[in-house]
Amino acid sequence: MTKEIKVEKIKEGTVIDHISSGQALNVLRILGIAKDYPTTAVTVAMNVPSKKGGRKDIVKIEGRELKSDEVGKISLISPNATINIIRGGAVFRKKKVTLPERIEGVVRCSNPNCISNSEPVRTRFAVERKEPIKLRCFYCERVMVRSDITRQF
Amino acid sequence: MGKTVFAGRDIISIRDLEKEEIEHILRKAEEMEKGPAPLLRGRTLGLLFFEPSTRTRLSFEVAMKKLGGEVIGFSDARLTSVAKGESLIDTIKTVESYADMIVIRHIREGAARLAAEVSEKPIINAGDGPNQHPTQTLLDLFTIKKALGRLDIKVTLVGDLKYGRTVHSLVYALAMFDATISLVSPKGLEMPSEVLEDLKAMGAAIETSNELDISDTQALYVTRIQKERFPDPEEYEKVKGTYKITLGTLEGARKDLIILHPLPRVDEVSPEIDGTPYARYFDQVANGVPVRMAVLGLVAGVL
Ligand SMILES: [Zn+2]
């Protein structure tokens, strides 16, 4: 028997649902929660049963609405996540993250010898696989996987 | 294939070229071999060697001059404003006002791609760190085609397949031409898994081994194993001996076997091979010229 796990509702802020199981802490890292928002109340649920089958992680962030570039970052490590913006205790806006075909500027190339790490250029990657993610640098042609991405945050 | 397909185009990575386009370049190289014409008279090629490479620079220079063109540039970035901290972007912007085409070699991966993005003029990559060196791959293919008449053959690549720049783009191209690819390297210097993944996605026939068996191979491509790659010097000596190509190694080889090497070699191919019909590594050097003439002529839009 699976039981819905009750996570306390938030009044204002963001609920990130359907995070790939085990990736909640990487989501927090990518959003810089611990570093940049030390007083934000955050609730994390990991490996909870999903109604869609399988398991998922959930992150609730009180008092903070995610910006679109932050949503873009989440898509890199959890391409099926949904973002719920909560206002006045209700879902104000709900959207799925979308992983574009090309990623620009969000992450650095993990190859230290890549020209994008020594010249003033905006990084560019082609998304060659979505889950688990595989990016190819437009410049050095090297491949980056999830661990190369999360390590940067 | 019309003139417009290559005119003004950058040649950065073998990944940018379709099979038919490679075939077209090889055909043009064959034409170039028959006799050069002053097709590029009045044009200037910029040679920007941020990382020195006499061999590649000379080859491009000869190719351009055989086509009646001029060359400008530098062969050592330490002597230029680059040494004073000028960015690659600024250097390219400066040189492109003097040159019709630019050949670039740089220690950093992706440098040629960036140059192509910045420059209005065609950029030809002559090596970006350990990444790509497309004209080397083209001349390797040209050499095999010339010697054996075809590219869908069994090729064995032996040596440092992890760091060896030339082998990554070569296997990619060979896979395009349905070659059977055998990869032989010491433990720890195997072909990177991402390259293998790419090859498998292309449907390439690949085998990997730590032991060299040349019995049915038609082209043996030897690369240098660098001492620095081994933490244990004893291990290096052992490996070096195992992969050294001597007359003894070639017992049981096919009569039409060809041996290739991107050069410079240290001692992975014994000089006793040099006088045999197997040795084709000096042909590779010679073949670099018509192949680069073809690339320059195509990019310039005159072929
Ligand atoms: Zn890169």
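Residues numbered from 1 in each chain as written. Chains lettered and ligands numbered in written order. Predicted model: local features only at pLDDT ≥ 70, side-chain atom pairs only at ≥ 80, totals over all residues. Heavy atoms only, no water.

A. Looking closely at the overall build of chain A. Per the secondary structure count, chain A includes 4 helices and 9 strands. For chain A, the C-alpha radius of gyration of 16 Å lies close to 15 Å, the compact-globule estimate for 153 residues. Each of the three principal axes of chain A carries a C-alpha extent, and together these read 50 × 35 × 25 Å. For chain A, the proportion of its 153 residues judged to be buried stands at 48%. A fraction of 56% describes how many contacts in chain A between residues 6 or more apart in sequence connect residues 24 or more apart. About 8,100 Å² of surface is accessible on chain A, with carbon and sulfur atoms providing 51% of the total. Charge separation in chain A, taken as the distance between the mean sites of 30 positive and 17 negative side-chain charges, equals 3 Å. (Helix = DSSP H or I, 4+ residues; strand = E, 2+ residues; numbered from the N terminus. Rg over C-alpha atoms; globule rule 2.2 N^0.38 Å. Buried < 20%, exposed > 50% of the residue type's maximum accessible area, 1.4 Å probe, protein only. Contact = heavy atoms within 4.5 Å. Areas by Shrake-Rupley, 256 points an atom, 1.4 Å probe, with all protein chains shown as cover. Lys, Arg positive; Asp, Glu negative; His and termini not counted. Charge placed at Lys NZ, Arg CZ, Asp CG, Glu CD.)

B. Representation of the domain arrangement of chain B. Residue and element names in this part refer to chain B. Examined at the domain level, chain B breaks down into domain 1 (3-133 + 287-300) and domain 2 (134-285). For domain 1 versus domain 2, the distance between C-alpha centres works out to 26 Å. Facing the 35 residues of domain 1 at the interface are 25 residues of domain 2. Summed over both partners, the interface of domain 1 with domain 2 comes to about 2,500 Å²; 62% of that surface belongs to carbon and sulfur atoms. Considering only the side of domain 1, the residues that lose the most area to domain 2 are Ile14, His133 and Asn287, jointly responsible for 29% of the buried surface there. Applying the counting criterion to the domain 1 and domain 2 interface returns 2 salt bridges. Put simply, Asp198 and Arg15 hold a salt bridge, and the shortest N to O gap is 2.5 Å. (Domains from an automatic or database assignment. Buried area = accessible area lost by both parts, 1.4 Å probe. Salt bridge = Lys/Arg side-chain N within 4 Å of Asp/Glu carboxyl O.)

C. Local environment of the coordination of the zinc ion. Residue and element names in this part refer to chain A. Note on the zinc ion: its protein donors are Cys109 (SG), Cys114 (SG), Cys137 (SG) and Cys140 (SG). The metal-donor distances range over 2.3 to 2.4 Å. Note that the zinc ion binds 4 donor atoms; their angles at the metal cover 101 to 116°, and the shape is tetrahedral. Judged by relative accessible area, Cys114 falls into the buried class, the value being 0%. (Donors = N, O, S within 2.8 Å, 3.2 Å for Na, K, Ca; no water. Tetrahedral: all angles 85-135°; square planar, octahedral: opposite > 155°, others 65-115°.)

D. A look at the nonpolar core. Residues Ile22, Leu141, Leu157, Leu174 and Leu296 of chain B are the most contacted members of the largest nonpolar core, which totals 64 residues. For this core, the leading source of residues is helix H9 (residues 281-300) of chain B, giving 9 residues. The residue makeup of this core includes at least three contributed by each of domain 1 (3-133 + 287-300) and domain 2 (134-285) of chain B. Those residues in contact with Leu157 of chain B that lie beyond four places of it in its chain are Val167, Leu170, Val171, Leu174, Ile181, Ser182, Leu183, Val184 and Tyr221 of chain B. Within the second largest apolar cluster, 36 residues are counted, among which are Val107 and Val121 of chain A together with Leu88 and Ile123 of chain B. (Core = buried A, V, L, I, M, F, W, Y, C linked by side-chain atoms within 4.5 Å.)

E. Broad picture of helix H2 (residues 54-66) of chain B. Between its first and last C-alpha, H2 of chain B extends 18 Å over 13 residues, near the 18 Å set by a 1.5 Å rise per residue. Gly68 of chain B, located one to two residues past H2 of chain B, shows a positive phi value of around 85°. (Expected span 1.5 Å × (residues − 1).)

F. Quick peek at helix H3 (residues 88-95) of chain B. Buried residues of H3 of chain B: Leu88, Ile89, Thr91, Ile92 and Val95 of chain B, and no others. The buried residues of H3 of chain B occupy an angular sector of 165° when the element is viewed end-on, so they sit on one face. (Arc of directions from axis to C-beta.)

G. Focus on the packing of aromatic side chains. In the structure shown here, the tally under the stated rule is 3 aromatic pairs over all chains. An angle of 90° between the planes, with centres 5.2 Å apart, marks the rings of Phe50 of chain B and Phe74 of chain B as edge-to-face. With a gap of 24 residues between them, Phe50 of chain B in the loop between strand E1 (44-49) and H2 and Phe74 of chain B in strand E2 (residues 70-74) connect regions that are remote in the sequence. Taking 5.3 Å as the distance between ring centres and 65° as the angle between the ring planes, the aromatic pair formed by Tyr281 of chain B and Phe282 of chain B counts as edge-to-face. Accessibility expressed as a relative area gives 47% for Phe282 of chain B, which makes it partly exposed. Over the ring of Phe92 of chain A we find Arg87 of chain A, and its NZ or CZ is 3.8 Å from the ring centre. The aromatic ring of Phe138 of chain A is capped on one face by Arg124 of chain A, whose charged end is 3.8 Å from the ring centroid. (Phe/Tyr/Trp six-rings, centres within 6.5 Å; stacked < 30°, edge-to-face > 60°. Lys NZ or Arg CZ within 6 Å of the ring centre and 35° of its normal.)

H. Examining the packing of helix H1 (residues 19-34) of chain B against helix H5 (residues 134-148) of chain B more closely. All names here are of chain B. Where H1 contacts H5, the axes come no closer than 10 Å and their chain directions differ by 70°. In terms of orientation, H1 and H5 fall into the roughly perpendicular class. Both H1 and H5 take part in a crossing whose hand is right-handed. Contacts from Ile22, Ile25, Leu26, Ala29, Glu30 and Glu33 of H1 reach H5 at Leu138, Leu141, Phe142 and Lys146. (Axes fitted to C-alpha atoms, helices over the stretch in contact; angles between N-to-C directions. Parallel < 35°, antiparallel > 145°, perpendicular 65-115°, else oblique. Left-handed = near helix turned anticlockwise from the far one by under 90°.)

I. Local environment of the side chain of Asp17 of chain A. Residue and element names in this part refer to chain A. Structurally, the position occupied by Asp17 is in strand E1 (residues 13-20). Take Asp17: its relative accessible area is 16%, and that puts it in the buried class. Looking at Asp17, its side chain comes within polar contact range of the side chain of Lys56, at 3.0 Å. In this view, Asp17 contacts Lys56, Asp57, Ile58, Ala81, Thr82 and Asn84; residues no more than four positions away in its chain are not counted. (Polar contact = N/O pair within 3.5 Å; in protein donor to acceptor, adjacent residues only side chain to side chain.)

J. Examining the sheet that holds strand E8 (residues 219-222) of chain B more closely. Residue and element names in this part refer to chain B. The strand order E7-E6-E5-E8-E9 describes an open sheet built from 5 strands, whose pairing is parallel. The open sheet terminates on both sides in strands that have one partner only, identified here as strand E7 (205-209) and strand E9 (258-260). Strand-to-strand twist of the sheet, defined as the mean angle between neighbouring strand axes without regard to direction, takes the value 20°. As paired elements, strand E5 (residues 154-158) and E8 share 4 bridges and run parallel to each other. (Pairing = 2+ DSSP bridges.)

K. Summary view of the pattern of salt bridges. Within the structure shown, the criterion is met by 30 salt bridges over all chains. A salt bridge links Lys154 of chain B to Glu207 of chain B; the nearest nitrogen and oxygen atoms lie 3.1 Å apart. Residue Lys154 of chain B is located in strand E5, and its partner Glu207 of chain B is located in strand E7; the two are separated by 53 residues in the primary sequence. The class of Glu207 of chain B is partly exposed, set by a relative accessible area of 38%. Salt bridges sharing common partners tie together Glu128, Arg129, Lys134, Arg136 and Glu141 of chain A together with Arg15, Asp16, Arg113, Glu197 and Asp198 of chain B.

L. Quick peek at the sheet that holds strand E5 (residues 90-96) of chain A. Residue and element names in this part refer to chain A. Spatially, 5 strands are ordered E2-E3-E1-E4-E5 in an open sheet, and the strand pairing comes out antiparallel. Pairing within the sheet leaves two strands with one partner each, and these edge strands are strand E2 (42-49) and E5. Strand-to-strand twist across the sheet, computed as the mean angle between neighbouring axes with direction ignored, equals 15°. When strand E4 (residues 82-87) meets E5, the two strands line up antiparallel, connected through 6 bridges. Directly across from Asn84, in E5, lies its bridge partner Lys94. The strands touched by helix H1 (residues 24-31) are E1, E2 and strand E3 (55-62); relative to E2, the strand with the most contacts, the crossing angle is about 150°.

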